[in-house]
There are 2 protein chains.
Amino acid sequence: MPYNELRKDYLLDRWVVIAKERSKRPTDLAKARPEAAKSAACPLCVGNEHMTPPAVLLLQSVDGEVKRGHDPPEGQRPTNWLVRTIPNMYPAFTHPQRSEDALKIFSTADFGYAIGLHEVVVESPIHEEGPADASLPQLELVIESYIDRFRALAAKSYVKYISIFRNYGLEAGASLSHAHSQIIATPMIPTMIKEEKQAADNYQKEQGRCVFCDIIEREVKTQRLIMENEDFAVIAPYASINPMEFWILPKRHAPNIGNLTPEEVKSLAATLKSSLKALKDLVNDPPYNYGIHQTIEEGYHWHLEVYPKLSTWAGFEKSTGVYINTVTPESAAEALKKAIKP
Amino acid sequence: MPYNELRKDYLLDRWVVIAKERSKRPTDLAKARPEAAKSAACPLCVGNEHMTPPAVLLLQSVDGEVKRGHDPPEGQRPTNWLVRTIPNMYPAFTHPQRSEDALKIFSTADFGYAIGLHEVVVESPIHEEGPADASLPQLELVIESYIDRFRALAAKSYVKYISIFRNYGLEAGASLSHAHSQIIATPMIPTMIKEEKQAADNYQKEQGRCVFCDIIEREVKTQRLIMENEDFAVIAPYASINPMEFWILPKRHAPNIGNLTPEEVKSLAATLKSSLKALKDLVNDPPYNYGIHQTIEEGYHWHLEVYPKLSTWAGFEKSTGVYINTVTPESAAEALKKAIKP
């Protein structure tokens with residue numbers, strides 16, 4: 001009888017039972033996908049630009065070149081965009097309501113409301129062109145939009161963190177099926193990142209090295225490696241809390257995506273597409289979420305975490321903060337590795 | 001324009017955006033419930049006792065009296081049970097594999113496997129008789145089973161925590177539709193409880209009082225009170241992370257359910273049934289999870305948290321640990337209060 005393993009996250013005080021006894025093969029997880037209700041008019045499709053607030057960033061194709069711009073405050077809006085970033089119409093965090101709010105040092109009580117920004121990156125003019133299907137040049141433009149908006153938001157005095165994330169599929173929380181990511185700027189460093197940063201600081205003090213650099217160095221030598229290239233390593237983390245979870249880690253130590261080189265942008269697009277395509281092929285196009293972990297300040301090592309939505313967190317997880325994962329990271333890595341197309 | 005509020009949990013470093021702009025009325029959340037696939041034979045139904053391991057606890061009706069017992073190791077198993085507690089056939093945590101494991105002080109590395117226990121409480125001989133529908137005497141027997149098993153598991157040297165929880169509905173992770181709860185005994189105190197205990201300890205040192213006693217005292221005077229009686233207060237917590245979330249807090253300070261009086265058992269059954277029935281009536285019988293937070297040692301104040309499954313945690317929540325809740329706790333409390341039948 002194979003015993004279940006109890007594993008702790010590299011950094012977080014977060015435990016997971018790797019449930020070998022209930023173990024499933026990755027292909028056992030495949031199931032039919034529910035369709036998002038098709039609305040008559042998709043507000044993110046070409047021709048419907050007037051249904052959203054004006055874009056703060058437009059990547060347009062002009063005479064065969066990619067040009068940066070934004071929607072004019074009034075009048076006709078361009079329809080020849082490739083990637084379009086707009087304010088979220090139902091923002092979770094809202095921009096400062098009084099000019100003095102933007103100057104204050106963070107304190108929730110002072111503001112009385114959730115200060116920040118919430119944007120939507122429309123990834124493609126093609127309704128359902130997700131990262132696994134988009135062309136590499138298209139995906140590079142999405143990543144360039146992330147970087148551009150990261151820089152713009154990081155410059156604001158009241159912004160302490162910028163969360164860039166994607167919900168793919170209705171079951172993963174994507175209420176609109178048009179390909180899009182979201183960017184939320186918050187007035188505090190979120191719990192999870194704060195804990196990771198603290199653990200990384202402690203490691204740095206004790207070992208004199210970046211803990212993420214060490215994680216990469218060690219994990220690429222294990223069965224948990226999925227793929228690597230000059231710039232990135234893709235691994236199934238040791239204490240994955242989701243079946244088929246994987247992380248994309250940059251080999252160059254940097255706190256955030258703000259200074260990616262053009263070569264790294266190309267490499268990230270290729271890495272992201274390959275790994276998400278492998279997941280799609282392997283488990284019948286499952287819903288997933290991904291999120292970029294990064295900090296504005298130095299002392300962290302950014303990376304992108306992909307969480308396939310193939311199980312349900314239930315009463316145990318929700319009332320303890322301890323997780324049960326029925327796919328071992330080692331078997332997830334093995335299956336994804338095989339499914340990757342060169 | 002109503003602004004969103006950013007709130008922190010009473011104890012945890014866990015933030016939630018109370019999203020008033022996206023705000024929904026509780027009744028807007030109602031949706032059709034998917035049915036669990038009906039298997040030919042339910043392993044938890046009367047007559048199928050042989051499909052499970054032998055019960056460790058049976059509450060039986062004998063000559064009009066409730067008797068405690070367990071299944072015989074061999075031979076015919078009783079079918080006249082009212083509540084039946086059995087080992088989980090696919091345990092997340094497994095009992096010690098070597099006799100010396102049970103003696104060791106906890107260390108994952110020493111064991112190499114997830115030591116603990118995992119049991120299932122079959123709440124009723126009637127297939128779908130959940131807590132909102134069961135008779136009060138039946139629900140009292142379920143709570144008595146929780147208490148009995150809590151005491152038995154707490155006495156084991158390798159058990160540091162006992163999680164008692166329930167998944168209701170397929171979308172909340174209930175893979176079997178027969179009414180059942182689960183009990184997991186773990187070899188460590190889970191993250192969430194450890195953090196709560198630490199915050200409660202700090203509060204005790206600073207204020208000389210139990211933080212939960214103070215939470216109850218203050219919250220019953222607010223709009224977040226749903227109902228109260230001599231023994232319990234039911235509130236929608238200030239920083240609820242789930243729409244329609246509520247907690248049942250005992251007024252008598254105690255670390256766990258191990259020493260509930262017979263009157264408190266009756267009172268808890270009535271409180272649990274009333275509040276879950278209100279939720280069922282209000283939002284079209286939604287899926288939910290509940291979990292009892294408690295410690296074996298002194299210095300904590302047990303309570304039961306109910307998490308209706310009416311939204312999806314997506315990329316933002318999963319990559320930051322910050323939550324977005326589209327129903328304010330105040331409107332949740334107001335609606336539940338009205339829906340409670342005396």
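Fair warning: this is a prediction, and the values are worked out from it, not measured in the lab.

For chain A, the count of helices and strands is seven helices and 14 strands. Over its C-alpha trace chain A gives a radius of gyration of 20 Å, about what one expects of a compact globule, namely 20 Å for 342 residues. Viewed in the frame of its principal axes, chain A has a C-alpha envelope of about 70 × 45 × 40 Å. In chain A, which comprises 342 residues, the share counted as buried stands at 49%. Here the contacts in chain A between residues at least 6 apart in sequence split such that 69% fall between residues at least 24 apart.

Residue and element names in this part refer to chain A. Alignment of strand E3 (residues 57–62) against strand E5 (residues 81–87), held across four bridges, turns out to be antiparallel. Bridging from a neighbouring strand, Leu58 pairs with Arg84 of E5. The sheet contact formed by E3 and strand E4 (residues 65–69) spans five bridges and is antiparallel. Looking at E4, one finds that Leu59 is bridged to Arg68. If you look at the hairpin formed by E3 and E4, you'll find two residues sitting between the two strands, and Asp63 has a positive phi there, around 50 degrees.

With that settled, consider unusual backbone geometry. Residue and element names in this part refer to chain A. Phi is positive for Met244, which is not a glycine, with a value near 70 degrees. Here Met244 shows up in the loop between strand E10 (232–235) and strand E11 (246–250). Look at Met244 and you get buried, because 28 C-beta atoms sit within 10 Å.

Turning our eyes to something else, we now look at the interface of chain B and chain A. Contact residues are listed per partner, giving 49 residues for chain B and 48 residues for chain A. Looking at the side of chain B that touches chain A, the elements with two or more residues in it are strand E1 (5–8), strand E2 (15–18), strand E7 (161–168), strand E8 (180–186), helix H3 (191–207), strand E12 (288–293), strand E13 (303–308) and helix H6 (315–320) of chain B. Top contributing element to the side of chain B that touches chain A by residue count: H6 of chain B, with five residues. Among the residues making up the side of chain B that touches chain A, the classes are represented as 23 nonpolar, 18 polar and eight charged.

A word on the packing of helix H5 (residues 262–282) of chain B against helix H7 (residues 329–339) of chain B. Residues and elements named next belong to chain B. Orientation of H5 relative to H7, taken along the N-to-C sense of each, is 100 degrees, at an axis distance of 8 Å. Considering the angle they form, H5 stands roughly perpendicular to H7. Where H5 abuts H7, its residues Ser275, Ala278, Leu279, Asp281 and Leu282 lie against Ala335, Leu336 and Ala339. Class assignment for the residues of the contact of H5 with H7 results in six nonpolar, one polar and one charged.

Parameters at a glance
- Residues numbered from 1 in each chain as written.
- Chains lettered and ligands numbered in written order.
- Predicted model: local features only at pLDDT ≥ 70, side-chain atom pairs only at ≥ 80, totals over all residues.
- Helix = DSSP H or I, 4+ residues; strand = E, 2+ residues; numbered from the N terminus.
- Rg over C-alpha atoms; globule rule 2.2 N^0.38 Å.
- Buried ≥ 20, exposed ≤ 12 C-beta atoms within 10 Å, placed from the backbone.
- Contact = placed C-beta atoms within 7 Å.
- Pairing = 2+ DSSP bridges.
- Nonpolar A, V, L, I, M, F, W, Y, C, P; charged D, E, K, R; others polar.
- Axes fitted to C-alpha atoms, helices over the stretch in contact; angles between N-to-C directions.
- Parallel < 35°, antiparallel > 145°, perpendicular 65-115°, else oblique.

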